[in-house]
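Single-letter residue listing:
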Protein chains: 2
Amino acid sequence: MKTSTIGPEIERLIQLLARLPGLGPRSARRAALHLMKRRESLLEPLARATAEAAAAVKVCSVCGNVDTRDPCSVCTDPRRDPATLVVVEDVGDLWALERAGATRGRYHVLGGTLSPLDGIGPDDLSIAPLVARVAAGGIDEVILAVNATVEGQTTAHYITDQLAGTAARVTRLAHGVPVGGELDYLDDGTLAAAMRSRTPF
Amino acid sequence: MKTSTIGPEIERLIQLLARLPGLGPRSARRAALHLMKRRESLLEPLARATAEAAAAVKVCSVCGNVDTRDPCSVCTDPRRDPATLVVVEDVGDLWALERAGATRGRYHVLGGTLSPLDGIGPDDLSIAPLVARVAAGGIDEVILAVNATVEGQTTAHYITDQLAGTAARVTRLAHGVPVGGELDYLDDGTLAAAMRSRTPF
Ligand SMILES: [Zn+2]
Ligand SMILES: [Zn+2]
């Protein structure tokens, strides 16, 4: 009798909510109940918003950003500096830098970091497209805005080697990013300061 | 430029997710990104599940449970004991008792507790319908499964007074040591109650 008293539509909703980061089985049940008690003000709007996002979301073929258009709104913004390319591990890091207003450059999303122990090599990341973008010219500076983790720094070294033959200057974020820290958890001021104090790599 | 680089569909999704209990603005962004990276495996199924739940969800007109039918599957289950009525504050408490398999009775959801300071009086809760259900006869026992808070106990006292003229016996959940609980971590009131209610071993 454990769960047979809940309709299958409700069970399904709970199961899917439990797969969101930050929600476990218990908090997913609370979230589902919260939604169902607010059908008109929250559940129905969320149904529409998820459907619209699912229909609209695109991965930018230029930089790897997630947006509702391809190329994304950063890549197509004429006010952005095309000579500055900010390399990030993940779209979440791109969003964090945008929230901080930390750069007027454009981005390149790697999709992760090199991690030999997890079987993640250069071909599993968007590194060859990055090198191709830079080799095509017009980029003066590549800012490696990767996490200050071992994997992030290993990836930064690897990319620096790959870009050695290009005309671009390679820099990285200044110290100020706590060792072991992840960009997405930093406050805007720290992110902006780290961007201002970026140093040659 | 803070958020202008994110499409309005994505912004809307983040705003709605941030209204779920357990998710703040930051974790809502992470959840939205998590969903968009998994469009086929998670975002589209969630869009369907929320739409189906929104179409299916009903509040039981008998007991106040949230289900996909009215009367709900507990109220219509012929194996449930119609002579036992378990009174809970919230649908979440009903679900918790169902998961525990704690009762074969049926339920009555109050929708909260009396709280004069918050302006919540008897008319704001499903107390009159409860009294009417019991007064209609056929109910031998009313189990007050309210929280062991001041508000919960105040509400229990009020309901007991209201049911004084009916034939039903009114009981409440036992106080005691939680299963697996360690005495050293329990508050004094719980310990004293557990001692008073000690049972033969
Ligand atoms: Zn882009
Ligand atoms: Zn019911």
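Now for a quick tour of the structure. Because the structure is predicted, anything quoted here is derived from the model rather than measured. Residue indices begin from 1 for each chain and proceed along its sequence in written order. Chain A is the first chain written and ligand 1 is the first ligand written, with later ones labelled in order. Per-residue local features of the predicted model are confined to residues with pLDDT of at least 70, and side-chain atom pairs are confined, for both listing and counting, to 80 or more; whole-chain, interface and lining totals are unaffected and use all residues. Excluded from the side-chain calculations are hydrogens and water; all other atoms, namely the structure's heavy atoms, are used.

Some thoughts on the coordination of the zinc ion (ligand 1)
Residue and element names in this part refer to chain A.
- Protein-derived coordination of the zinc ion (ligand 1) comes from Cys60 (SG), Cys63 (SG), Cys72 (SG) and Cys75 (SG), at a distance range of 2.3 to 2.4 Å.
- Keep in mind that water is not among the atoms, so a site may look incomplete; donors are the N, O and S atoms within 2.8 Å of the metal, or 3.2 Å for Na, K and Ca. By the criteria applied here, four donors are tetrahedral when all angles lie between 85 and 135 degrees, four are square planar and six octahedral when opposite donors are over 155 degrees apart and every other angle lies between 65 and 115, and any other arrangement is irregular. Viewed at the metal, the four donor atoms of the zinc ion (ligand 1) are separated by angles of 104 to 116°, and the geometry they form is tetrahedral.
- Coordination of the zinc ion (ligand 1) draws on donor residues from a single chain, spaced C-x2-C-x8-C-x2-C in sequence. Placement of cysteine 63 in the loop between strand 1 (58-59) and strand 2 (66-67) and of cysteine 75 in the loop between strand 2 and strand 3 (81-88) is noted, with a sequence separation of twelve residues between them. Strands here are runs of E lasting at least two residues and helices are runs of H or I lasting at least four, both read from the DSSP assignment and numbered beginning at the N terminus.

Focus: empty space enclosed by the protein
- As defined here, a cavity is a set of points on a 1 Å grid over the protein atoms alone where a 1.4 Å probe fits but cannot get out. A pocket is an open set with protein on both sides within 12 Å along at least five of seven lines, and residues line them when an atom is within 4 Å of a point. Grid points are joined across faces, edges and corners, and a volume is the space filled by probe spheres set on the points. Across all of its chains, the model carries one cavity of 30 Å³ or more by this definition.
- Forming the boundary of the largest cavity are A:Gly92, A:Trp95, A:Arg99, A:Asp184, B:Arg26, B:Arg29, B:Arg30 and B:Leu33.
- Contributing elements (two or more residues each) for the lining of the largest cavity: helix 4 (91-100) of chain A together with helix 2 (25-37) of chain B.
- Three classes are used: nonpolar for Ala, Val, Leu, Ile, Met, Phe, Trp, Tyr, Cys and Pro, charged for Asp, Glu, Lys and Arg, and polar for all others, with Gly counted as polar. Of the residues belonging to the lining of the largest cavity, the class tally is two nonpolar, one polar and five charged.

Here we look at the coordination of the zinc ion (ligand 2)
Residues and elements named next belong to chain B.
- Surrounding the zinc ion (ligand 2) are the protein donor atoms Cys60 (SG), Cys63 (SG), Cys72 (SG) and Cys75 (SG), which sit 2.3 to 2.4 Å from the metal.
- Around the zinc ion (ligand 2) sit four donor atoms, and with donor-metal-donor angles ranging over 105 to 115° the site reads as tetrahedral.
- As a motif over one chain, the donors of the zinc ion (ligand 2) read C-x2-C-x8-C-x2-C. On the criterion of sequence distance, the pair formed by cysteine 60 in the loop between strand 1 (58-59) and strand 2 (66-67) and cysteine 75 in the loop between strand 2 and strand 3 (81-88) is long-range, its members being 15 residues apart. For the pair cysteine 60 and cysteine 75, one class covers both residues: buried. Working definition: with a 1.4 Å probe on protein chains only, accessible area under 20% of the residue-type maximum means buried, over 50% means exposed, and in between means partly exposed.

Looking at the nonpolar core
- Residues enter a nonpolar core if they are buried and are Ala, Val, Leu, Ile, Met, Phe, Trp, Tyr or Cys, with the set joined through side-chain atoms within 4.5 Å. A:Leu17 and B:Leu17 are the most contacted members of the largest nonpolar core, which totals 84 residues.
- Residue contacts are defined here by distance: any two heavy atoms, one from each residue, within 4.5 Å place the two residues in contact. If we ignore the near neighbours within four places in the chain, the residues touching B:Leu17 are A:Leu20, A:Leu46, B:Leu23, B:Ala28, B:Ala31, B:Ala32 and B:Leu35.
- Counting residues in each nonpolar core, the second largest holds 18 residues, with A:Leu114, A:Leu130, A:Val131 and A:Val142 among its members.

A look at the side chain of A:Arg133
Residues and elements named next belong to chain A.
- If you trace the backbone, arginine 133 turns up in helix 5 (residues 128-135).
- Comment: no salt bridge for buried arginine 133; closest opposite-charge side chain is aspartate 70, at 11 Å.
- A polar contact is formed between the side chain of arginine 133 and the backbone oxygen of tyrosine 107, at a distance of 2.6 Å.
- Leave out the neighbours within four places in its chain, and arginine 133 touches Val62, Cys63, Leu85, Arg106, Tyr107, His108 and Ile139. Charged-residue counts in this description rest on Lys and Arg as positive and Asp and Glu as negative, His and the chain ends being excluded. Any Lys or Arg side-chain nitrogen located within 4 Å of an Asp or Glu carboxyl oxygen qualifies as a salt bridge. The term polar contact refers here to a pair of N or O atoms within 3.5 Å; inside protein, the definition further demands a hydrogen-donor-capable atom paired with an acceptor-capable atom, and it admits residues adjacent in sequence only when both atoms are side-chain atoms.

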